[in-house]
Amino acid sequence: MEILEVTPEVFDLTFPNPNHIFNSGAFSKLNESRFEKVYYLIFKDTKTRLGIILGLREGLLSSPFSATFGGFEFASEDVKLYQIDAALQALFNWASGKKINGIKIIPPPFFYKEDFLAKTINCMYRAGFETKNMELNYHFQTANLSETYENDIWYNAKKNLKKANSFGLIFEKLNISQGKLAYDIIAQNRSERGFPLRLTWEQLVSTNAVIPMDFFLTKNAKEAIGAAIVYHIAPSIVRIIYWGDLPKFSEYKTMNFLSFQLFKYYKEQGIKMIDIGHSTVDSIPNNGLCEFKESIGCSISLLYEFYKKLG
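Small disclaimer: the values here were computed from a predicted structure and weren't measured. (Residues numbered from 1 in each chain as written. Predicted model: local features only at pLDDT ≥ 70, side-chain atom pairs only at ≥ 80, totals over all residues. Heavy atoms only, no water.)

A.B. asks: Please explain the environment of Leu303 as it appears in this structure.
C.D. replies: Residue position: Leu303 is located in strand 15 (residues 299-309). The buried category is assigned to Leu303, whose relative accessible area is 3%. Along the sequence, Leu303 and Glu73 sit 230 residues apart, while their C-alpha atoms lie 17 Å from each other. Excluding its chain neighbours within four sequence positions, the residues that come into contact with Leu303 are Thr68, Phe69, Ile106, Pro107, Pro108, Pro109, Asn133, Met134, Glu135, Asn137 and His278. (Helix = DSSP H or I, 4+ residues; strand = E, 2+ residues; numbered from the N terminus. Buried < 20%, exposed > 50% of the residue type's maximum accessible area, 1.4 Å probe, protein only. Contact = heavy atoms within 4.5 Å.)

What follows is the structure, given as C-alpha cells:
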C-alpha cells in the first residue's frame, strides 16, 4: 500500500463526499495554523482506497486535530478489511520514518457510517491501537418525534416542556447576518457558567464559508433567552455545536422548549439524525447534562479515542 502526501484541494477532489465535514481538506485547511504540520494522506494500491488528515504536534499525529472527531475516509464503501490492514501498516512505516512518537485517532460515532467504522475499529484494534477514552455521545433520531413524543420522554422533561409552552415562547431561525445574536446569548451562558467559548465570532464566520450553519433564538415576550448554532455535518445529519439559555430565565425551561423545536424543525427539513455531542470529558460524565439529554429522548453512542505508540 502506497501513501501519497497531497494538498487539501487534491484530498477533497479524491474524497468529494466525506463521511463528515471535519474530514474535508477545506475545513482542515482553516485550522492548519494550530499545529506544526498537517498531512493530507491518500492510501493507494491498484486504486485509491483510503485517506486521512493528521495534525502533528510535539511528535504526536492526531485525527482530528481541530474538531471533535476525524478518522479515515474511504474511496469506495466496499473497502476490504485486508486493505484497511495494509493502510494501517503503511501509516506506521511512514510515521516511523518521520520519527513520530504516536498516533491518536478519534473516529465519529457509529451512526455516521456504521459498517465502515466497525471494520476500521476492528482493524485498528488488531493493529495495536489502545482505547484511551470512551465518551458518551448523544443523538436524536427525528423518526422518534411522533405524536407520542411527550408521553415517551421522562416525566420531568414532559413537565418542563409543558411549563415552557405555557409561557408562549417564540422559536426563530436567523440568517447569517443575524447569527451573532445567537452567538452572544451562548457566549453569555458560557461566561456565567465559567466555560468560555472556544471559537470567536470571527472564527465561526470563517468556518461558515466551509460548513453550512443554522442559527436559532428562543424569545419570551421581551427578549432573547436561549439560542443554538448547528452545523450541517453530513448527509441527513446535523450537529449542535453550541446551545444554551440565560440562567436568570431558568423558570421558562428554555432548553426543553428549544430542543423540542429543533427536533421538529429538522424533522420537517428531512434530517434523520441530530448529533447533540458528548457529555463526558476524558470519559468522566457531566451527570446533569447526560440526564437532560436522556430525558428529552436522545440515544447514546460511544466516541472512542484510540492511541498507538510508535518506536
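A.B. asks: Just checking my understanding: could you explain the nonpolar core for this structure?
C.D. replies: Within soluble globular proteins, side chains that are nonpolar generally end up buried alongside one another. With 38 residues, the main nonpolar core has Phe22, Tyr112, Leu204, Phe215, Ile229 and Ile233 as its most contacted residues. Counting residues per element, this core draws most heavily on strand 10 (residues 224-234), at 7 residues. Beyond its immediate sequence surroundings of up to four residues, Tyr112 is in contact with Asn19, His20, Phe69, Leu117, Ile233, Ala234, Ile237, Arg239 and Asp275. In this structure, Leu41, Leu54, Val79 and Phe116 belong to the second largest nonpolar core, which totals 30 residues. (Core = buried A, V, L, I, M, F, W, Y, C linked by side-chain atoms within 4.5 Å.)

A.B. asks: Explanation requested: the pairing of strand 12 (residues 273-278) in the structure shown.
C.D. replies: Regular strands place side chains that alternate from one sheet face to the opposite one. In terms of residue burial, strand 12 counts as a mostly covered element, since 5 of its 6 residues are buried. Bridge count between strand 11 (residues 237-245) and strand 12: 3 bridges; the pairing is parallel. Across the sheet, Arg239 pairs through a bridge with Asp275, a residue of strand 12. After leaving strand 11, the chain enters helix 9 (residues 254-268) and then returns to the sheet as strand 12, a path that is right-handed. (Pairing = 2+ DSSP bridges. Right-handed = clockwise from strand over helix to strand, strands pointing away.)

A.B. asks: It is not clear to me how the pattern of salt bridges should be interpreted in this structure. Could you clarify?
C.D. replies: Should the charged atoms of two oppositely charged side chains come close, the side chains can pair. On inspection of all chains with the given rule, the structure shows 10 salt bridges. Note that Lys113 and Glu77 form a salt bridge whose closest N and O atoms lie 3.9 Å from each other. You can see Lys113 sitting in the loop between strand 6 (102-105) and helix 4 (114-126) and its partner Glu77 sitting in the loop between strand 5 (73-74) and helix 3 (81-97), a full 36 residues away along the chain. With relative accessibility at 26%, the residue Lys113 sits in the partly exposed group. By relative accessible area, Glu77 is classed as partly exposed at 46%. For Lys180, the salt bridge is made with Asp184, and the minimal N-O distance between the two is 2.9 Å. Residue Lys180 and its partner Asp184 are located together in helix 7 (residues 179-193), separated by 4 residues, close to a single helical turn. (Salt bridge = Lys/Arg side-chain N within 4 Å of Asp/Glu carboxyl O.)

A.B. asks: Would you take a moment to explain the pairing of strand 9 (residues 213-219) for this structure?
C.D. replies: When you tally the buried positions in strand 9, you get 6 out of 7 residues, the bulk of the element. Of the strand pairs in this sheet, strand 8 (residues 170-174) and strand 9 are connected by 5 bridges, and their pairing is antiparallel. Its bridge partner lying in strand 9, Leu174 is registered against Phe215. Where strand 9 meets strand 10, 7 bridges bridge the pair, whose relative direction is antiparallel. Bridge pairing in strand 10 links Met213 to Tyr231. In sequence, strand 9 turns back onto strand 10 through a hairpin of 4 residues.

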